[in-house]
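If you want the building blocks of each chain, they are given just below.
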Amino acid sequence: MAGTVLVGAQWGDEGKGKITDLIAPDFDYVVRYQGGNNAGHTVVHGDITLALHLVPSGIMYPQVIPVIANGCVLDLKVLLKEIDTLAAAGFSTDRLQISGNAHIIMPWHIALDGASEIQRGASEIGTTRRGIGPTYEHKAARNGIRMQDLLDPNLFRAKVAASLETANAILTNLYEEEPIDADMVCAEYLEMATRVTPYITDTALLLNSELAAGRKVLFEGAQGTLLDIDHGTYPYVTSSNCTAGGAITGTGVGPMAVKKILGVAKAYITRVGSGPFPTELDDDIGAKMVEIGGEFGTTTGRMRRCGWHDSVITRYAAMVNGLTDLCITKLDVLGFLDKIKICVAYEIDGQSYTTLPGSQSLLERAVPVYEEMPGWETDISAVKRYEDLPIEARNYLERLEELAGVPVTIVSVGPERGQTIMRGWQSL
Ligand code: GDP
Ligand code: IMO
Ligand code: MG
């Protein structure tokens, strides 16, 4: 049993797509286990840049089988567009496997996501408005529509009618939006069904039998630890379990199948959308991070909020995911700084916290306690070996590692596959 989970250790966009693509050739399967097209994972190789939202980031390798498992939610239009874009770029998705238990993001989920954000006003979550929250709501309420429902048109029509009865009542009465027509939806979705149903499989059965046969499986997390519905900065989170545990419930493999858990964190930290952010930089340094790091969302194009690396968060991610390895990305971006700060603790109401406070109101009042280290003030984007990094960069990484309590076994110094320093990472 050789399962590895790759998980975001911050608020998403840590560079999971790049690292998944980097290590994917060591695996037989790459599996998305939660989230939907709120994710935007960028993979860069030579002239090719792929912004993947649903298809797992191992897609560039013909020998790797991509799987979208039961914990995911799928927008069929986005899926088909992604499949076509990949085909045009020369990447076949013929081997893609999709769970029949994955829920479908229907048009009313997208409408409800947008309308509820408008209603929240100043306290909006800042969702991607891709319908993620309402789809998971309906899954939990047991009136969602699943991929397997596409296989039976009559059942599909009945489920659409039942779901729309309440969704339209809410859309029209509560939000004063237009109702959605069930017949039009059914015609459109049953036509798309002809293209997507060939991918439907019992992915839990597939993954368990392949793991038992000694195949290697990489579970690719979306979003990040602090966006997890249970362990994140609730309510400013997404609606799924992005943490390593999600790979278990989101695929149907047992916990003992997972041997390694790789957390990915930036050398600094970013967040898209609303919510507390203790180390946020509202100054020229933050603006420079946006500019040099290209910190604009892959999915919505929104500017990402930037701040100093927060080791309280990385340590928390190490705990709730059980990280065995840490990958630090975007180290190259900090080359413009003569001094770099790391948050080592929070001060809240005169008390020091080295772990994330459990309460939202405490976190909102957290004042970061910083340690300052000298910067390297040079371009490190072509460095290939750890010992060739400037001493200041090595000291910085070793301090991050010490504070997180997890070995840094991969360091990323640029978006390309080759711009990576391996420091002891071993795929199983
Ligand atoms: P993901 O959602 O975690 O896969 O991350 P995104 O793809 O949304 O955002 C990460 C961005 O940083 C992408 O544009 C990547 O191409 C880029 N990137 C990844 N690693 C590095 C790195 O080490 N240095 C730089 N400069 N860019 C990187
Ligand atoms: P990847 O996989 C960064 C954020 C949204 C919002 C909150 C809830 O690329 O790291 P949702 O649409 O999920 O209901 O929005 O979560 N969010 C992300 N932020 N990266 C992502 O994915 C995200 N997916 C959702 O901005 O704050
Ligand atoms: Mg992203």
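Heads up: these notes are all about the structure in this document.

What counts as what
Residues numbered from 1 in each chain as written. Chains lettered and ligands numbered in written order. Predicted model: local features only at pLDDT ≥ 70, side-chain atom pairs only at ≥ 80, totals over all residues. Heavy atoms only, no water. Helix = DSSP H or I, 4+ residues; strand = E, 2+ residues; numbered from the N terminus. Rg over C-alpha atoms; globule rule 2.2 N^0.38 Å. Buried < 20%, exposed > 50% of the residue type's maximum accessible area, 1.4 Å probe, protein only. Contact = heavy atoms within 4.5 Å. Areas by Shrake-Rupley, 256 points an atom, 1.4 Å probe, with all protein chains shown as cover. Lys, Arg positive; Asp, Glu negative; His and termini not counted. Charge placed at Lys NZ, Arg CZ, Asp CG, Glu CD. Near = heavy atom within 4 Å. Polar contact = N/O pair within 3.5 Å; in protein donor to acceptor, adjacent residues only side chain to side chain. Axes fitted to C-alpha atoms, helices over the stretch in contact; angles between N-to-C directions. Left-handed = near helix turned anticlockwise from the far one by under 90°. Donors = N, O, S within 2.8 Å, 3.2 Å for Na, K, Ca; no water. Expected span 1.5 Å × (residues − 1). Nonpolar A, V, L, I, M, F, W, Y, C, P; charged D, E, K, R; others polar. Pairing = 2+ DSSP bridges. Phe/Tyr/Trp six-rings, centres within 6.5 Å; stacked < 30°, edge-to-face > 60°. Lys NZ or Arg CZ within 6 Å of the ring centre and 35° of its normal.

### Quick word on the overall build of the protein chain
Here's step 1: Along the backbone of the protein chain there are 12 helices and 20 strands.
Here's step 2: Here the C-alpha radius of gyration of the protein chain, 21 Å, is about what a compact globule of 428 residues would show, namely 22 Å.
Here's step 3: Based on the C-alpha atoms only, the size of the protein chain along its principal axes is roughly 65 × 50 × 40 Å.
Here's step 4: For the protein chain, the residues scored as buried account for 57% of the 428 residues in total.
Here's step 5: Considering only intrachain contacts with a sequence separation of at least 6, the fraction spanning at least 24 residues in the protein chain is 76%.
Here's step 6: Total accessible area computed for the protein chain in this model is approximately 16,800 Å², and 52% of it derives from carbon and sulfur atoms.
Here's step 7: Placing the 36 positive and 53 negative side-chain charges of the protein chain at their respective mean positions leaves the two points 4 Å apart.

### Notes on the site of ligand 1
Here's step 1: Not every one of the 19 residues close to ligand 1 is listed here, only the nearest: K16, G17, T42, D332 and S412.
Here's step 2: Contact distances for ligand 1 include 3.0 Å between an oxygen atom and a backbone N or O atom of E14.
Here's step 3: Computed on the free molecule, ligand 1 has an accessible area of 580 Å², of which 91% lies beneath the protein chains in the complex.
Here's step 4: Elements with a contribution of two residues or more to the shell around ligand 1: α1 (16-23) and β3 (41-45).

### Digging into the packing of helix α3 (residues 107-120) against helix α4 (residues 132-140)
The angle between the axes and the distance between the axes are what describe a pair of packed helices.
Here's step 1: Look at α3 against α4: their axes get within 7 Å of each other, and the N-to-C directions meet at 120 degrees. The handedness of the crossing between α3 and α4 comes out as right-handed. Here α3 contributes W108, H109, L112 and D113 to the contact with α4, which in turn contributes I132, P134, T135 and H138.

### Quick look at the environment of P107
Here's step 1: Considering the arrangement of structural elements, one finds P107 in helix α3.
Here's step 2: Taking the C-alpha atoms as reference points, P107 and D75, 32 residues apart in sequence, are found 8.8 Å from one another.
Here's step 3: With residues up to four places along the chain from it excluded, the contact list for P107 reads I180, V185 and Y189.

### A closer look at the coordination of the magnesium ion (ligand 3)
Here's step 1: Coordination of the magnesium ion (ligand 3) by the protein involves D13 (OD) and G40 (O), with metal-donor separations of 2.0 to 2.2 Å. Remark: G40 occurs in the loop between β2 (29-32) and β3 and D13 occurs in the loop between β1 (2-8) and α1; sequence separation between them is 27 residues.
Here's step 2: On the accessibility criterion, D13 (22% relative accessible area) is partly exposed.
Here's step 3: G40 sits in the buried class, given a relative accessible area of 11%.

### Topic: α3
Here's step 1: Across its 14 residues, α3 extends 20 Å between first and last C-alpha, which sits within 8% of the 20 Å expected from 1.5 Å per residue.
Here's step 2: Taken as a whole, α3 has its buried residues at W108, H109, L112, D113, G114, A115 and E117.
Here's step 3: Buried positions along α3 lie against β8 (103-104), α4, α5 (153-174) and α6 (182-196).
Here's step 4: One or two positions beyond α3, positive phi appears at G121, with a value near 60 degrees.

### Looking at α1
Here's step 1: With 8 of 8 residues buried, α1 lies mostly within the body of the structure.
Here's step 2: Turning to α1, its buried residues number three or more, namely K16, G17, K18, I19, T20, D21, L22 and I23.

### A word on the site of ligand 2
Here's step 1: Around ligand 2, 20 residues are found, and the nearest of them are K16, H41, T128, Q223 and T238.
Here's step 2: In this structure, an oxygen atom belonging to ligand 2 sits 3.3 Å away from a main-chain N or O atom of G126.
Here's step 3: Q223 places a main-chain nitrogen or oxygen 2.8 Å from an oxygen atom of ligand 2.
Here's step 4: Protein contacts shield 97% of the accessible area of ligand 2, which totals 550 Å² for the unbound molecule.
Here's step 5: Here the shell around ligand 2 is built from residues that sort into 7 nonpolar, 10 polar and 3 charged.

### What about the pairing of strand β11 (residues 258-266)?
Here's step 1: Of all 9 residues that make up β11, 8 are buried, and the element is covered over most of its length.
Here's step 2: In the sheet, β1 pairs with β11 via 6 bridges, with the strands oriented parallel. Bridge pairing in β11 places L6 opposite L262.
Here's step 3: Pairing of β11 with strand β15 (residues 325-329), which is carried by 5 bridges, proceeds in the parallel orientation. Bridge pairing links L262 to D325 in β15.

### Quick word on the pairing of β15
Here's step 1: For β15, a buried count of 5 out of 5 residues is recorded, marking the element as mostly surrounded by other parts of the structure.
Here's step 2: On β15, burial covers both faces: D325, C327 and T329 on one face and L326 and I328 on the other are all buried.
Here's step 3: Where β15 and strand β19 (residues 408-412) come together, 3 bridges link them in parallel fashion. By the bridge assignment for β19, C327 is matched with I410.

### A word on the packing of aromatic side chains
Here's step 1: Throughout the structure, instances matching the rule amount to 2 aromatic pairs.
Here's step 2: Between the aromatic rings of W11 and F277, the centroid separation amounts to 5.1 Å while the plane-to-plane angle is 55 degrees, which identifies the pairing as tilted. Taken as a pair, W11 in the loop between β1 and α1 and F277 in the loop between β12 (269-271) and α9 (284-293) lie far apart in primary sequence, 266 residues in all.
Here's step 3: Since its relative accessible area comes to 4%, W11 is described here as buried.
Here's step 4: Taken together, a centroid distance of 5.9 Å and an interplanar angle of 50 degrees make the contact between W376 and Y396 tilted. With a gap of 20 residues between them, W376 in the loop between β18 (367-374) and α12 (391-404) and Y396 in helix α12 connect regions that are remote in the sequence.
Here's step 5: Residue Y396 is classed as buried on the basis of its relative accessible area of 0%.
Here's step 6: Against the face of W425 rests K260, its NZ or CZ located 4.7 Å from the ring centre.

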